[in-house]
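Tertiary structure, described
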Amino acid sequence: MGGQGNSTSRGRTTASGSSMVRKPSPAVYRRRRLFLGAALLLVIALVVGGFSLAGAFSGSSEQASSTDPAAGATASADPSSQASPSSSAPAPTPTPSPTPTCNQNLVTVSASTDKAAYGPEENPMLTLKVTNGGTIPCEVNIGTSQMEFLVTSGADRIFSSKDCQAKSEDLVKIIAPGASETANFPWSRNRSIDGCQAVEAKPGGGGAYYIFTAKLGSKASPKAVFQLN
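What counts, and at which threshold
Residues numbered from 1 in each chain as written. Predicted model: local features only at pLDDT ≥ 70, side-chain atom pairs only at ≥ 80, totals over all residues. Heavy atoms only, no water. pLDDT = per-residue confidence, 0-100. Contact = heavy atoms within 4.5 Å. Core = buried A, V, L, I, M, F, W, Y, C linked by side-chain atoms within 4.5 Å. Buried < 20%, exposed > 50% of the residue type's maximum accessible area, 1.4 Å probe, protein only. Helix = DSSP H or I, 4+ residues; strand = E, 2+ residues; numbered from the N terminus. Pairing = 2+ DSSP bridges. Axes fitted to C-alpha atoms, helices over the stretch in contact; angles between N-to-C directions.

Describing the confidence of the model for the protein chain
- For the protein chain, the average pLDDT comes to 78, and 64% of its residues sit at 70 or higher.
- Segment residues 1-19: pLDDT under 50, and zero contacts once partners within four positions in sequence are set aside and those in other chains are kept.
- Predicted confidence for residues 60-77 stays below pLDDT 50, and this span has two contacts to residues more than four positions away or in other chains.

Structural data, given as structure tokens:
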């Protein structure tokens, strides 16, 4: 009986060992593969969804930051970002306005002599006078380039200061409102012609009347009449 019991024990051990090393069936392999595939797909879906969610949160944060009115107000209100005028810069020196040229319509030219009648040995003093009739100081050219002392008798041109003028020069002066500038010319009772050629004839005396006209540029004075004896 003892030998039979041992035989039975060995038979069970053999049967048990045979069941432990048995290979799984193909159905089990399929179920395992399906389970692993589903798990892998779930992991991939979770990873992709996580990245998408992170990107969405990141974009929303950036948009909120760029459109945040409080941030814009803080930046614009920052006094350090605004330029302030420099108090150390010197003030510009104002440029004085140039004196204008006199309006010719407001300038008057007059002619006069120092006497109304002259004796045989007296030479007339001819005077040209220019007056600023405007309300502001202005410049007038009273040089010899602009002046002319002209003596006539009827249609006879007796004398002109330009005929024998040595130099033609400009002389600009500032004349105050209502003020005048004068120029004197002593006439030697001689005749002259253009080009300063010699003229032997002398103006007649004996009570003859002559006209003196003062000219300054395009302006001419009223006639001043005087008498030569």
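Considering the nonpolar core
- Formed by 26 residues in total, the largest nonpolar core has its most connected members in Val151, Trp187, Phe212 and Phe226.
- Elements that contribute at least two residues to this core include exactly strand S1 (107-113), strand S3 (125-132), strand S4 (138-141), strand S5 (147-153), strand S6 (156-160), strand S9 (208-216) and strand S11 (224-228).
- The biggest single contributor to this core is S9, with four residues.
- Leave out the neighbours within four places in its chain, and Trp187 touches Asn123, Pro124, Leu126, Val151, Ile158, Phe159, Pro203, Phe226 and Leu228.

Details of the sheet that holds strand S8 (residues 180-186)
- Read across the open sheet, the three strands follow the order S1-S3-S8; overall the sheet is antiparallel. Every other strand in the sheet has two partners, leaving S1 and S8 as the edge strands with one partner each. Averaged over neighbouring strand pairs, the angle between their axes works out to 15 degrees when direction is ignored.
- For S1 and S3, the ladder comprises seven bridges, and the chain directions are antiparallel. Counted as the bridge partner of Val109 is Val130 from S3.

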